[in-house]
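Structural description and commentary
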Amino acid sequence: MPYLALGAAIVLEVIGTSLLQKSEQFSRILPTMGMAVCYLISFYLLSVSLKVLPLGVAYAIWSALGVALVAMIGLLVFGQRLDLPAILGLGLIVAGVIVINLFSKTVGH
């Protein structure tokens, strides 16, 4: 259950961040409202996952997957290209989360 809540939180945070781009600095009301709702629900679901998962681990997963997904949305939806160093950096972030989840005794499985 904590990973399901965390996964949903990440998806909603990514949607909220995408809507943030569409809000044009809060000048468009519907994307702004959608962003706020997504962020609120996302943080609630993150707090649900924190009942079981350690804060550092949950936040590492949240940030790594969020960054990777937002980068993909940026590419596919907004046409924002990444250079090789950016791609390598994102890969290292995701690799770090994989190492934490596979080898750390901090993660409660």
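Quick caveat, the model's predicted, so the values are computed rather than measured.

Some details on the side chain of Thr32
Along the chain, Thr32 turns up in helix H2 (residues 29–49). By relative accessible area, which is 15% here, Thr32 ends up buried. A polar atom in the side chain of Thr32 sits 2.7 Å from the backbone oxygen of Arg28. Non-local contacts of Thr32, meaning those with residues more than four positions away in its chain, are made with Ser23, Phe26 and Ser27.

A short note on the packing of aromatic side chains
Scanning all chains against the criterion turns up 1 aromatic pair. When the centroid spacing of 5.5 Å and the interplanar angle of 45° are considered together, the rings of Phe43 and Trp62 count as tilted. One end of the pair, Phe43, is in helix H2; the other, Trp62, is in helix H3 (residues 55–76), with 19 residues separating them in the sequence.

Overview of the nonpolar core
Counting residues in hydrophobic clusters, the biggest one holds 16 residues, and the most contacted among them are Leu6, Ala9, Ile10, Leu46, Ile61, Trp62 and Val97. Counting only elements with at least two residues in this core, the list comes to helix H1 (2–22), H2 and H3. Per element, the largest residue contribution to this core is 6 residues, and it comes from H3.

Quick word on the layout of surface pockets
Quantified by volume, the largest pocket comes out at close to 170 Å³. As for the largest pocket, its lining consists of Thr17, Ser18, Leu20, Gln21, Val67, Val70, Ala71, Ile73, Gly74, Phe78, Gln80 and Leu82. Among the secondary structure elements, those contributing two or more residues to the lining of the largest pocket are H1 and H3. Among the elements that take part in the lining of the largest pocket, H3 stands out by supplying 5 residues, more than any other. A per-class count over the lining of the largest pocket returns 7 nonpolar, 5 polar and no charged.

Regarding the environment of Leu92
With respect to the helices and strands, the residue Leu92 is situated in helix H4 (residues 84–103). Taking C-alpha positions, Leu92 is 30 Å from Ser23, a pair spaced 69 residues apart along the chain.

Concerning the confidence of the model for the protein
Chain-level pLDDT for the protein is 92 on average; 97% of the residues reach the 70-or-more range. For the protein, the element scoring lowest by mean pLDDT is H4, at 89; H2 scores highest, at 98.

What counts, and at which threshold
Residues numbered from 1 in each chain as written. Predicted model: local features only at pLDDT ≥ 70, side-chain atom pairs only at ≥ 80, totals over all residues. Heavy atoms only, no water. Helix = DSSP H or I, 4+ residues; strand = E, 2+ residues; numbered from the N terminus. Buried < 20%, exposed > 50% of the residue type's maximum accessible area, 1.4 Å probe, protein only. Polar contact = N/O pair within 3.5 Å; in protein donor to acceptor, adjacent residues only side chain to side chain. Contact = heavy atoms within 4.5 Å. Phe/Tyr/Trp six-rings, centres within 6.5 Å; stacked < 30°, edge-to-face > 60°. Core = buried A, V, L, I, M, F, W, Y, C linked by side-chain atoms within 4.5 Å. 1 Å grid on protein atoms, 1.4 Å probe; cavity = no way out; pocket = protein on both sides within 12 Å on 5 of 7 lines; lining within 4 Å. Points joined across faces, edges and corners; volume = space filled by probe spheres on them. Nonpolar A, V, L, I, M, F, W, Y, C, P; charged D, E, K, R; others polar. pLDDT = per-residue confidence, 0-100.

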